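The residues making up each chain are set out below.
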Amino acid sequence: MSDAREDRYAPARRRMVEQQIRSRGIELESVLRAMAEVPRERFVPRRYRSDAYEDVALPIGGGQTITQPYLVAWMTVLLRPHPHDRVLEVGTGSGYQAAVLARLVDEVFTIERVDELAERARDTLADVGVDNVAVRSGDGSLGWAGVAPFDGILVTAGALTIPEPLLEQLSVGGRLVMPLGTQSAPQTLVRVTRTSERRYRREEFGQVRFVPLIGEEGADEAPSRGDFWF
């Protein structure tokens, strides 16, 4: 995944991992290694590349942002990825989170409702050599029934409740991580584990801010122009 264009950013990636992620309590080495290897600068517009390794969300178009690095790492750790897992991501955005997951699991399926972002993410993932991610344009709140069940589901957008289709597409023992709450207040990051065919266990992990999940099983409308959540 590395080439001459990316080598100049390697020190910045290492600093990001040590100063913004490890120092804040993220200690899972596989996740830290993935964050140090994935070239985040390739997933942001050129005018923002100098800020690619700051711990901030950056606009990527379509009213969406690339999530700040610490939150990418935190949500990935909460997902508890295993090498042979099949993971669904709802909200592809730039494709950066999918690229991190791709280094940790067997297969990643990711859905983006904005056609332009989905196509751009598909191209970027191919350009950086990621070949185990399938990108689809569509309503992520409905999941991806044709390739379910999933060992992990990561939703990078907030809703009042977890969409029923996503719960149904989670395998027994699988984990779902997403923010829950309204646009007017910080959301709560939750992890739901499917413990049996009919039972789920829910855990809460603090407050976050994300764009709303738009779709049939999500919010009714997108945030106003320029309203970036992170």
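Definitions and cut-offs
Residues numbered from 1 in each chain as written. Predicted model: local features only at pLDDT ≥ 70, side-chain atom pairs only at ≥ 80, totals over all residues. Heavy atoms only, no water. Pairing = 2+ DSSP bridges. Helix = DSSP H or I, 4+ residues; strand = E, 2+ residues; numbered from the N terminus. Axes fitted to C-alpha atoms, helices over the stretch in contact; angles between N-to-C directions. Contact = heavy atoms within 4.5 Å. Polar contact = N/O pair within 3.5 Å; in protein donor to acceptor, adjacent residues only side chain to side chain. Parallel < 35°, antiparallel > 145°, perpendicular 65-115°, else oblique. Nonpolar A, V, L, I, M, F, W, Y, C, P; charged D, E, K, R; others polar. Salt bridge = Lys/Arg side-chain N within 4 Å of Asp/Glu carboxyl O. Buried < 20%, exposed > 50% of the residue type's maximum accessible area, 1.4 Å probe, protein only. Patch = residues over 30% accessible without salt bridge, like charges linked within 9 Å, V, L, I, M, F, W, Y side chains within 5 Å. Areas by Shrake-Rupley, 256 points an atom, 1.4 Å probe, with all protein chains shown as cover. Lys, Arg positive; Asp, Glu negative; His and termini not counted. Charge placed at Lys NZ, Arg CZ, Asp CG, Glu CD.

Engineer: How would you summarise the sheet that holds strand β9 (residues 200-208) if you had to cite specific residues and measurements?
Structural biologist: Here seven strands make up an open sheet; going across it, the order is β5-β4-β3-β6-β7-β8-β9 and the pairing mixed. The outermost strands of the open sheet, each flanked by one partner alone, are β5 (133-137) and β9. Strand-to-strand twist of the sheet, defined as the mean angle between neighbouring strand axes without regard to direction, takes the value 15°. Inspection of the sheet shows strand β3 (residues 86-90) paired to strand β6 (residues 150-155) by four bridges, in the parallel sense. Among the inter-strand pairings, Val87 is bridged to a residue of β6, identified as Gly152. Relative to β5, helix α6 (residues 115-127) is tilted by about 165°, and along the sheet it contacts β4 (107-112) and β5.

Engineer: Pulling in residues and values, what's your account of the side chain of Arg191?
Structural biologist: Residue placement: Arg191 occurs in strand β8 (residues 187-194). At 2.8 Å, the side chain of Arg191 and the backbone oxygen of Leu78 are in polar contact. Ignoring any residue separated from it by four or fewer positions in sequence, one finds Arg191 in contact with Leu78, Arg80, Arg175, Leu176, Val177, Arg201, Arg202, Glu203 and Phe205.

Engineer: If you had to explain the packing of helix α2 (residues 10-21) against helix α4 (residues 69-79) to someone new, which residues and values would you point to?
Structural biologist: In the contact formed by α2 and α4, the axes pass within 10 Å of each other and the chain directions differ by 75°. Our classification of the angle between α2 and α4 gives roughly perpendicular. Where α2 abuts α4, its residues Met16, Gln20 and Ile21 lie against Pro69, Tyr70 and Ala73. Classifying every residue of the contact of α2 with α4 by side-chain character gives five nonpolar, one polar and no charged.

Engineer: Run through the pattern of salt bridges, naming residues and quoting values.
Structural biologist: Tallied over the entire structure, the rule returns 12 salt bridges. Two residues, Glu18 and Arg22, come together in a salt bridge whose shortest N-O distance is 3.0 Å. Take Glu18: its relative accessible area is 40%, and that puts it in the partly exposed class. Its salt-bridge partner being Glu29, residue Arg22 comes within 2.8 Å of it at the nearest N-O pair.

Engineer: An account of a negative patch on the surface is requested, with residue identities and associated values reported.
Structural biologist: A cluster of acidic residues, Glu164, Glu168, Glu216 and Glu217, forms a negative patch on the protein surface. Following the sequence through the fold, Glu217 ends up in the segment after β9. Judged by relative accessible area, Glu217 falls into the partly exposed class, the value being 32%.

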